[in-house]
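Coordinate analysis (summary)
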Amino acid sequence: MDAYDLITRNASEVVTEDEVRALADDPEGKRAYVGYEPSGVLHIGHMLTANKLIDLQEAGFEVVVLLADVHAYLNGKGTFEEIRQTAERMKEQFIAYGLDESQTEFVLGSEYQLDESYILDLHALELETTLSRAERAMAEIKSGDSVTVAQAVYPIMQALDIVYLDVDLAIGGMEQRKVHMLARDTLPSINEDSPTCMHTPLIADLATGIGKMSSSKGVTISMEDTAEDIEDKVNDAYCPPTADPEPTDDGDERENPVLQIFEYHVFPRFEQVVVERPDEYGGNLEYDEYESLEADLESGELHPLDAKGALTSYLDELIAPGREKING
Ligand code: IYR
């Protein structure tokens, strides 16, 4: 796989392709980052951007993980003390999951976001940003129903992080895209270039296939799940025999989360996927690429229950090393 393909595999959006091609042509010394609000435990929604960081490390990028403690505070995720403790645990979980500690720079937002120069640059960007634009940028990030003043400052700070962390590429889930578009539009007002961005897909809620997987509601697979937890959750997962399920009666879009996890988590980390089946049911199935597994589920060759059985063991293989490190 060439560098561009590795860097962009499984991305939902690349802004812009030409800019990423230029980075891929000369990755030496280039820096990419993802920011995370420390809250809850690390789950496979977070690990999608973490997988992308692992791809970028492989392509020769320097990788920065921002533990966005001030952002979590502004978004109402707890007291500063609680958030700090969660940040420490989150860092350990990322390392346990496979981010190479010697190649990854972990930064706490509060290390630089309270500096005078940052605050003055923040105010300069606030002058350039309307309240309605900040509110739109937060639509898929904010906690709570209305947008507080703190949450309106949040996306402007996220834009400024790109400058202060001196990164060439900002990574985030698709829910971050409006913040990154705000950054592309406003950073030139403080004499900075528009940043290059890349967005990873969102995995749907495991039980329903609706909306975005999140630890605050619904069902997710976390770094702290036991093998039995994983088995129970995957067995109960929504998995119709299609990659493109019908919307619900209420008009909510649905995805097939079992297929999404195969596509975005399992195939990028394993050369071949084997679905074990007794001989009387046709014997084992072997897949070298996600598309053939999807086709077999759609045609009925692969039964959802067999797909779930295989997903359970691959997910456990991905999560077990981290779980063991954390539990000692
Ligand atoms: N908005 C992110 C957290 C975050 C991301 C980046 I990239 C930052 O520079 C700051 C915060 C979230 O929703 O978790």
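Bear in mind the structure is a predicted one, so any value in this text is a computation, not a measurement.

1. Looking at the domain arrangement of the protein chain
Its domain assignment divides the protein chain into domain 1 (3-200) and domain 2 (227-327). Its C-alpha centre places domain 1 at a distance of 29 Å from the equivalent point of domain 2. Between domain 1 and domain 2, the residue contacts involve 11 residues of the former and 13 residues of the latter. Counting the surface lost from both domain 1 and domain 2, the interface buries some 1,100 Å², and carbon and sulfur atoms represent 59% of this. Considering only the surface of domain 1 that becomes buried against domain 2, Asn 10, Ile 44 and Ala 96 emerge as the three largest contributors, covering 45% of it. Viewed at the interface, domain 2 and domain 1 are joined by 0 salt bridges. Viewed at the interface, domain 2 and domain 1 are joined by 6 residue pairs in polar contact (both at pLDDT 80 or more). Elements with a contribution of two residues or more to the side of domain 1 that touches domain 2: α3 (44-58) and α5 (80-97). Looking at the side of domain 1 that touches domain 2 residue by residue, the class counts come to 7 nonpolar, 3 polar and 1 charged.

2. Some remarks on helix α11 (residues 257-266)
Because each turn of an α-helix spans 3.6 residues, side chains separated by three or four positions in sequence point in the same direction. Across the 10 residues that make up α11, a large majority, 9, are buried. Elements that come into contact with the buried residues of α11 comprise α3, α5, β7 (273-275), α12 (290-299) and α13 (304-327). The residue sitting at the N-terminus of α11 and contributing the capping side-chain oxygen is Asn 256; that oxygen lies 3.1 Å from the backbone nitrogen of Val 258.

Cut-off values and rules
- Residues numbered from 1 in each chain as written.
- Predicted model: local features only at pLDDT ≥ 70, side-chain atom pairs only at ≥ 80, totals over all residues.
- Heavy atoms only, no water.
- Domains from an automatic or database assignment.
- Contact = heavy atoms within 4.5 Å.
- Buried area = accessible area lost by both parts, 1.4 Å probe.
- Salt bridge = Lys/Arg side-chain N within 4 Å of Asp/Glu carboxyl O.
- Polar contact = N/O pair within 3.5 Å; in protein donor to acceptor, adjacent residues only side chain to side chain.
- Helix = DSSP H or I, 4+ residues; strand = E, 2+ residues; numbered from the N terminus.
- Nonpolar A, V, L, I, M, F, W, Y, C, P; charged D, E, K, R; others polar.
- Buried < 20%, exposed > 50% of the residue type's maximum accessible area, 1.4 Å probe, protein only.

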